[in-house]
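The lines below spell out each chain.
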Amino acid sequence: MNKDKKYTGAMILGMHDALVEFIGMIVGLTFALADSRLVLVTVIIAGITASMSMGASNYLAQKADGNPDAVKAGIYTGMAYVITVALLVAPFVMFSGTNMVRALALMFAIAVLIIATFSGYVSVVQNRPFAKSFLEMIAVCAGVSVIAFGIGQLVSMTL
């Protein structure tokens, strides 16, 4: 098996889970807390711990399936996860204490770029249609973000 293809699934797991989970979390926290520093601290702590959890979980899953490269698969998952979170949180570092709407807009643009880049990678390595992969990932991320926005609004109004 081509070395690039061998860990594509592990990277998709980390990258896509981070996108879905953290776009939703960042949107929800931004509107519930309205404090960029608090959002930043929360997301960094959650991102580091979640990346370790995802890497360890993929390692255990791969080990249970008898994959002799389970450690590498877990590392690829964790690294894809933490890199994705770092890219998503970067706008909140850049706009810390200022307009959080700008930070959110830039975060969404970065998410689209991550999805486009990874969809392009997958389309080349696995010979899959770019548009289908790209649109599917965008739809899932957008759906979770809308739900998280609603949750953030509800929590903000009730607490």
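Bear in mind the structure is a predicted one, so any value in this text is a computation, not a measurement.

**Student:** Explain the pattern of salt bridges residue by residue, including any values.
**Tutor:** A complete count under the given rule lists one salt bridge for this structure. One salt bridge connects aspartate 69 with lysine 6, and the closest N-O pair in it is separated by 2.2 Å. Placement of the pair is aspartate 69 in the loop between helix 3 (36-64) and helix 4 (70-94) and lysine 6 in helix 1 (residues 3-6), with a sequence separation of 63 residues.

**Student:** Please provide a residue-by-residue account of the side chain of threonine 8, values included.
**Tutor:** Summarising the element assignment, threonine 8 is placed in helix 2 (residues 8-33). Not counting residues up to four positions away in its chain, the partners in contact with threonine 8 are Phe118, Tyr121, Val122, Val125 and Gln126.

**Student:** Residues and numbers for the nonpolar core, please.
**Tutor:** Leu19, Phe22 and Leu88 are the most contacted members of the largest nonpolar core, which totals 36 residues. Secondary structure elements with two or more residues in this core: helix 2, helix 3, helix 4, helix 5 (100-125) and helix 6 (130-158). Apart from residues lying up to four places away in sequence, leucine 19 is in contact with Gly24, Thr84, Leu88, Ala111, Ile114, Ile115 and Cys141.

**Student:** For the packing of aromatic side chains, give the residues involved together with the corresponding values.
**Tutor:** Enumeration over the complete set of coordinates arrives at four aromatic pairs. Judged by centre distance (5.4 Å) and plane angle (45°), the ring pair of phenylalanine 118 and tyrosine 121 falls under tilted. Within this pair, phenylalanine 118 and its partner tyrosine 121 are both found in helix 5, separated by three residues, close to a single helical turn. Using a relative accessible area of 13% as the deciding quantity, one classes phenylalanine 118 as buried.

The rules behind these values
- Each chain has its residues counted from 1, running along the sequence as written.
- Local features in this predicted model are restricted to residues of pLDDT 70 or higher, and side-chain atom pairs are both shown and tallied only at a pLDDT of 80 or more, whereas totals for entire chains, interfaces and linings draw on every residue.
- As a rule here, side-chain values cover all heavy atoms of the structure and leave hydrogens and water aside.
- Salt bridge criterion: a side-chain nitrogen from Lys or Arg within 4 Å of a carboxyl oxygen from Asp or Glu.
- The secondary structure listing takes helices from DSSP runs of H or I that are at least 4 residues long and strands from runs of E that are at least 2 residues long, numbered from the N terminus.
- It only takes one pair of heavy atoms within 4.5 Å for two residues to be counted as in contact.
- Take the buried residues of types Ala, Val, Leu, Ile, Met, Phe, Trp, Tyr and Cys, join any two whose side-chain atoms come within 4.5 Å, and each joined set is a nonpolar core.
- For the exposure calls, accessible area comes from a 1.4 Å probe over protein chains only, and a residue counts as buried if that area is under 20% of its type's maximum, exposed if over 50%, partly exposed in between.
- Two aromatic rings from Phe, Tyr or Trp, using only the six-membered ring of Trp, form a pair when their centres are within 6.5 Å; if the ring planes differ by under 30 degrees the pair is stacked, by over 60 it is edge-to-face, and anything between is tilted.

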